[in-house]
Amino acid sequence: MTPSPPDLHVAGLVVNAAPADVERVENLVSAQPGFVVCARDVSTGRMAVTLETGSVDEQEAGFAWLSALPGVRTVSLACHHIDS
C-alpha cells in the first residue's frame with residue numbers, strides 16, 4: 001500500500017492595509033513561502049492573497065504572521081479548502 005500524499009490547505013484571504021503601506025506589505029507577503037498576492041487595490045488598501053500550506057497549524061501561523069505585519073489593519077478568511 002502506498003502512503004497517501006500530504007494534505008494541501010489553501011486559504012483565500014482578504015487583507016486590508018493602510019493604502020500608504022500596500023506596496024511594502026505586498027512585497028513582504030510575496031517574499032514569504034506559500035503566500036501569493038493575487039490582486040490589490042492601492043486606493044483602498046485591499047489585497048486578495050492565497051496561502052498554501054501542509055497543515056492547519058501552518059495556516060494559523062501564516063495568518064498570525066500576516067496579521068502582525070505593520071500596516072496591516074485586518075485579515076479575513078474568505079475561504080479554506082483541503083485537498084487530500
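Below you will find a few notes about this structure. This one's a predicted model, so the numbers in the text were calculated from it and none came from an experiment.

### What about the overall build of the protein?
- Of the regular secondary structure elements, the protein holds two helices and four strands.
- By its C-alpha atoms, the protein is 55 × 20 × 15 Å across when sized along the principal axes.
- Counting the 84 residues in the protein, one finds 29% classified as buried.
- Residue pairs in contact within the protein that sit at least 24 positions apart in sequence constitute 68% of those at least 6 positions apart.
- Each charge sign in the protein was given a centre, from 4 positive and 10 negative side chains, and these centres are 16 Å apart.

### Considerations on helix H1 (residues 22-31)
- Those residues of H1 not exposed but buried are Val22, Val25, Glu26 and Val29. Take H1 and look down its axis: the buried residues cluster within an arc of 100°, on one side only. Away from the buried face of H1 by more than 90 degrees, exposed residues Glu23 and Ala31 are located.
- Structurally, H1 contributes buried residues whose contacts are with strand S1 (8-17), strand S2 (35-41), strand S3 (46-53), helix H2 (56-67) and strand S4 (72-83).

Definitions and limits used
Residues numbered from 1 in each chain as written. Predicted model: local features only at pLDDT ≥ 70, side-chain atom pairs only at ≥ 80, totals over all residues. Heavy atoms only, no water. Helix = DSSP H or I, 4+ residues; strand = E, 2+ residues; numbered from the N terminus. Buried < 20%, exposed > 50% of the residue type's maximum accessible area, 1.4 Å probe, protein only. Contact = heavy atoms within 4.5 Å. Lys, Arg positive; Asp, Glu negative; His and termini not counted. Charge placed at Lys NZ, Arg CZ, Asp CG, Glu CD. Arc of directions from axis to C-beta.

Without other data, these values stay purely geometric and don't point to any function.
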